[in-house]
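Listed below are the residues making up each chain.
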Amino acid sequence: MSGSRITAVVVALLATFAPATAMASPAANAACGELFDDFHYASHTDPTLAAHGWSARSNAGGPGVPGARWAPENITFPSVDGDKAAQLASSTDGTASGTKHTELLQNQMRFFEGTYAARIKFADAPVSGADGDRVNQTFFTISPLRYDNDPLYSELDFAEYLPNGGWGEPTWPVNFHTSWHTYQLEPWVSKNKYDKQVRSMAGWHTVVATVSGGHVKYYVDGQLNGDHSTIFVDGKELSVYPRQMMSLNFNHWFIDLTQHSGGLSTYHEQIDWVYYAKNRVLTPAEAVAQAGTFRGSGVRFKDDLVGNCGTPPPTDPPPPTNPPDCTNAQAWQWATVYLENQRVKHNGKLWRARWWTQGSEPGVTAQWENLGTCST
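How each quantity is defined
- Residues numbered from 1 in each chain as written.
- Predicted model: local features only at pLDDT ≥ 70, side-chain atom pairs only at ≥ 80, totals over all residues.
- Heavy atoms only, no water.
- Helix = DSSP H or I, 4+ residues; strand = E, 2+ residues; numbered from the N terminus.
- Contact = heavy atoms within 4.5 Å.
- Areas by Shrake-Rupley, 256 points an atom, 1.4 Å probe, with all protein chains shown as cover.
- Disulfide = S-S within 2.5 Å.
- Phe/Tyr/Trp six-rings, centres within 6.5 Å; stacked < 30°, edge-to-face > 60°.
- Buried < 20%, exposed > 50% of the residue type's maximum accessible area, 1.4 Å probe, protein only.
- Core = buried A, V, L, I, M, F, W, Y, C linked by side-chain atoms within 4.5 Å.
- pLDDT = per-residue confidence, 0-100.
- Expected span 1.5 Å × (residues − 1).
- Arc of directions from axis to C-beta.
- Pairing = 2+ DSSP bridges.
- Salt bridge = Lys/Arg side-chain N within 4 Å of Asp/Glu carboxyl O.

Labelled according to an unreviewed UniProt entry, the protein appears under the name Carbohydrate binding domain-containing protein, originating from Kibdelosporangium aridum.

As structure tokens, this is what we get:
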């Protein structure tokens, strides 16, 4: 599926990123913290919203209709079904200049392993105007794509709901859960794994995902819909497990304008609350219960996420029984381009390039595998 082919562009230049590392011990996990937000804000200009790490996007660019505007003023916090919620109102009159997209995001790259949950109200029809537009209602994490086929690129689409189809899908409404290895823009090539439900998602749903132990599991209303780890492309096994820290995002955008039938149409995506438990795997019921505990005790917002808490630095593998002979290995050079499986020596050790790399120092970045201390 062509899925979130342009979703990746949304936050590609917003921040730097940190490399992914292994899960912590259970004791460390318990102290890694949580993010919870019940979205009790006055407006998109409420200073508390920014103080809590949220940005209402206004910068131009993808995904969606080229030339459309990202409208921060269309992010509001009304009472919905008896409680405050974040509301992303996206609209179109069938022209690029008359199309408004919306996005609310935590743009710091600090989300990786753990449990993600949100209660979201998806919509099949606009609140005003003619129906039929190819709109996408989303909840996801993402890291920058530095260049085409970036091997460290990471994106997890917990939900991408297309009530009126798009991307060549033959049947809709359809909801996607997609885990990404990487992609290139021109010509379009995607390397991902996805599952989908072809059914209406109109109304409130709890969307939960757990990221742990090499597996990403996706749930809607407590039902497991996908378990992703690797994919095979051209006979090679590739990981779709995230490889670095990501931002946390909700966005609401039009895939194209080909099905617009006239006038101005406005669609709503609404978020009751969002919750993230860092480095902890909770069941969907436990995640929803924790959000309920916060709400029941009057907690509107909590953020005590701790840096790289519980994520020990990568350790070298045990030394091989027969230390490698580095006689014929060239010394690593900063400016040299290395291809997959090429070997170099650096700081007394032999290293193998896991993939194309340049300017990444062995022992510092994930691009290199330590083959052991040189015998010569």
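From this point on, the discussion continues.
Q: Go over the overall build of the protein, please, and point to the residues and values.
A: Scanning the protein from N- to C-terminus turns up three helices and 25 strands. Long-range contacts, defined as pairs at least 24 residues apart, comprise 70% of the intrachain contacts of the protein with a sequence gap of at least 6. Accessible surface, the protein as shown: approximately 15,400 Å² in total, 54% of it carbon and sulfur.

Q: Account for the state of the cysteines, naming residues and giving values.
A: This model, assessed by the stated rule, comprises one disulfide. There is a disulfide in this structure between C326 and C374, and the S-S distance comes to 1.9 Å. The sign of the -85 degrees torsion about the S-S bond sets the C326-C374 disulfide as left-handed. Of the two residues, C326 sits in the loop between β21 (301-303) and β22 (330-331) while C374 sits in the segment after β25 (368-373), which places them 48 residues apart along the sequence.

Q: Before we move on, could you go through the packing of aromatic side chains and cite the residues and values that matter?
A: The description of an aromatic ring pair rests on the distance of the ring centres and on the angle between the ring planes. Applying the stated rule across the entire model yields 21 aromatic pairs. Ring geometry for W167 versus W253: centroids 6.4 Å apart, planes at 50 degrees, classification tilted. On the criterion of sequence distance, the pair formed by W167 in the loop between β11 (155-162) and β12 (174-184) and W253 in strand β19 (residues 246-256) is long-range, its members being 86 residues apart. W167 sits in the buried class, given a relative accessible area of 18%. W253 sits in the buried class, given a relative accessible area of 2%.

Q: A description of the nonpolar core should follow, citing residues and the corresponding values.
A: As a rule of thumb, soluble globular proteins bury nonpolar side chains together. One finds F39, Y116, F139, F158 and F250 to be the most contacted residues of the largest nonpolar core, which totals 39 residues. Counting residues in each nonpolar core, the second largest holds 11 residues, with Y219, Y275, A277 and A287 among its members.

Q: Outline the confidence of the model for the protein, supporting the account with residue identities and numerical values.
A: Considering every residue of the protein, the mean pLDDT works out to 88; 88% of them sit at 70 or more. Across residues 1-28, confidence stays below pLDDT 50; counting only partners more than four residues off in sequence or on other chains, it has 91 contacts.

Q: So what's going on with unusual backbone geometry? Which residues, and what values?
A: Residue P63 is bonded to the preceding G62 through a cis peptide linkage, with omega at 5 degrees. With respect to the helices, strands and loops of the structure, P63 is situated in the loop between β2 (54-56) and β3 (69-70). The linkage connecting W172 with the following residue, P173, adopts the cis geometry, with an omega of 5 degrees.

Q: Residues and numbers for helix α3 (residues 284-296), please.
A: The first and last C-alpha atoms of α3 sit 18 Å apart over 13 residues, in line with the 18 Å expected at 1.5 Å per residue. Those residues of α3 that fall on the buried side of the exposure criterion are P284, A287, A291 and F294. Along the axis of α3, the buried residues cluster in a sector spanning 90 degrees; they form a single face. Turned more than 90 degrees from where α3 packs its buried face, A285 and G296 sit exposed. Following α3 by one or two positions, G298 adopts a phi angle in the positive range, close to 85 degrees.

Q: Give a detailed account of the environment of L145, specifying residues and quantitative values.
A: With respect to the secondary-structure elements, L145 resides in the loop between β10 (134-142) and β11. Each C-alpha atom of the pair L145 and Y183 lies 8.5 Å from the other, and the pair is 38 residues apart in sequence.

Q: With reference to specific residues and values, describe the pairing of strand β8 (residues 100-111).
A: Burial analysis of β8 places nine of its 12 residues in the buried class, the great majority of the element. Pairing analysis gives two bridges linking β3 to β8, with the strands arranged parallel. Paired with R69 across the two strands is K100, which belongs to β8.

Q: Give me the pattern of salt bridges: which residues, what numbers.
A: Taken as a whole, this structure holds 16 salt bridges when the rule is applied. Salt-bridge contacts for E34 lead to K302; the nearest nitrogen and oxygen are separated by 2.7 Å. Separated by 268 residues along the polypeptide, E34 in strand β1 (residues 34-37) and K302 in strand β21 bring together distant segments of the chain. A salt bridge links D272 to R119; its shortest N-O distance comes to 2.8 Å. Within this pair, whereas D272 is found in strand β20 (residues 265-278), its partner R119 is found in strand β9 (residues 114-122), the two being separated by 153 residues in sequence. On the accessibility criterion, R119 (26% relative accessible area) is partly exposed. Through salt bridges that share partners, D38, D83, R119, D272, R295 and R300 make up one connected network.

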